Every structure is written in structure tokens, then in C-alpha cells.
Amino acid sequence: MMCGAPSATQPATAETQHIADQVRSQLEEKENKKFPVFKAVSFKSQVVAGTNYFIKVECGPQEGLPRTGAGRKPPVQARAVWS
């Protein structure tokens, strides 16, 4: 991986889910709602002065989001910055 360049998209791991769980309350507070599901789907990482994680998270059914495929709604993009 090149320093500064984001990695290729990878499937979520237990570590990625752990990071997503740590930022869940911040996102729920910012969006002023509780998410029934908060499952990390995939992620990219970027090494700079620390490591940035760009995590795609499935948050359950949401009003106002377009549906994709067989009635599924797209995951939400969440950004976690970790040093």
C-alpha cells in the first residue's frame, strides 16, 4: 500500500466492526436517530500520519433512501479516523 493512497475495498473484518461500533453513538447523535442495525460491510484504509478507515455500514431500513436490487437499501458510508 502506498502512503497516502487509499487501499482497495475489502470485506469487513471483526476489527472493522469493532471500529464501527466505537463510532456508532457519534453517528446516531449526529443523525439524531438510533440505528436498528449497524453492520460493517466493507472498508478502505489510508495510511497518512495515522490510519484513516472508510467503512461502509448497513444501518437497517431508512426513510428517503433509494432502494437497490431486490428491495434492499444501500449501506451508509461512515468515515472513521484512527491513529
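Structure shown above.
Because the structure is a prediction, the values reported are computed rather than measured. (Residues numbered from 1 in each chain as written. Predicted model: local features only at pLDDT ≥ 70, side-chain atom pairs only at ≥ 80, totals over all residues. Heavy atoms only, no water.)

(A) Representation of the nonpolar core in the model. Counting 10 residues, the largest nonpolar core is built from I19, A20, F35, F38, A40, F43, Y53, I55, V57 and C59. Of all the secondary structure elements, the ones that give two or more residues to this core are helix 1 (14–31), strand 2 (39–47) and strand 3 (51–58). A per-element tally of this core places strand 3 first, with three residues. Non-local contacts of A40, meaning those with residues more than four positions away in its chain, are made with A12, T16, Q17, A20, I55, K56 and V57. (Core = buried A, V, L, I, M, F, W, Y, C linked by side-chain atoms within 4.5 Å. Buried < 20%, exposed > 50% of the residue type's maximum accessible area, 1.4 Å probe, protein only. Helix = DSSP H or I, 4+ residues; strand = E, 2+ residues; numbered from the N terminus. Contact = heavy atoms within 4.5 Å.)

(B) Layout of the pattern of salt bridges. If you walk through the whole model with that rule in mind, you get two salt bridges. Here E28 makes a salt bridge to R24, at a shortest N to O gap of 3.0 Å. Taken together, the positions of E28 and R24, both in helix 1 and four residues apart, correspond to about one turn of that helix. For E28, a relative accessible area of 9% translates into the label buried. (Salt bridge = Lys/Arg side-chain N within 4 Å of Asp/Glu carboxyl O.)

(C) Representation of the pairing of strand 3 in the model. In terms of strand pairing, strand 2 meets strand 3 through eight bridges, oriented antiparallel. In the strand pairing of strand 3, V47 is matched with T51. Between strand 2 and the antiparallel strand that follows it, strand 3, lie three residues. (Pairing = 2+ DSSP bridges.)

(D) Fine view of unusual backbone geometry. Even without being glycine, N32 reaches a positive phi, approximately 55°. Within the element layout of this structure, N32 appears in the loop between helix 1 and strand 2. Given the relative accessible area of 71%, N32 is considered exposed.

(E) Main features of the side chain of S42. Tracing the backbone shows S42 in strand 2. Residue S42 is classed as buried on the basis of its relative accessible area of 13%. When near neighbours in sequence (up to four residues on either side) are disregarded, S42 contacts T9, Q10, P11, A12, F54, I55 and K56.

(F) Spotlight on helix 1. Helix length check: helix 1 (18 residues) gives 25 Å between terminal C-alpha atoms against 26 Å at 1.5 Å per residue, within 8%. Residues of helix 1 that are buried: T16, I19, A20, V23 and E28. (Expected span 1.5 Å × (residues − 1).)

(G) Inspection of the packing of aromatic side chains at higher detail. For the coordinates displayed, the defined rule picks out two aromatic pairs. Centre to centre, the rings of F35 and F38 are 6.0 Å apart; their planes meet at 35°, and the pair counts as tilted. We classify F38 as buried; its relative accessible area is 6%. The interplanar angle of 45° and the centroid separation of 6.2 Å between the aromatic rings of F43 and Y53 together place this pair among those described as tilted. Separated by 10 residues along the polypeptide, F43 in strand 2 and Y53 in strand 3 bring together distant segments of the chain. You'll find F43 and Y53 in the same group, each marked buried. (Phe/Tyr/Trp six-rings, centres within 6.5 Å; stacked < 30°, edge-to-face > 60°.)

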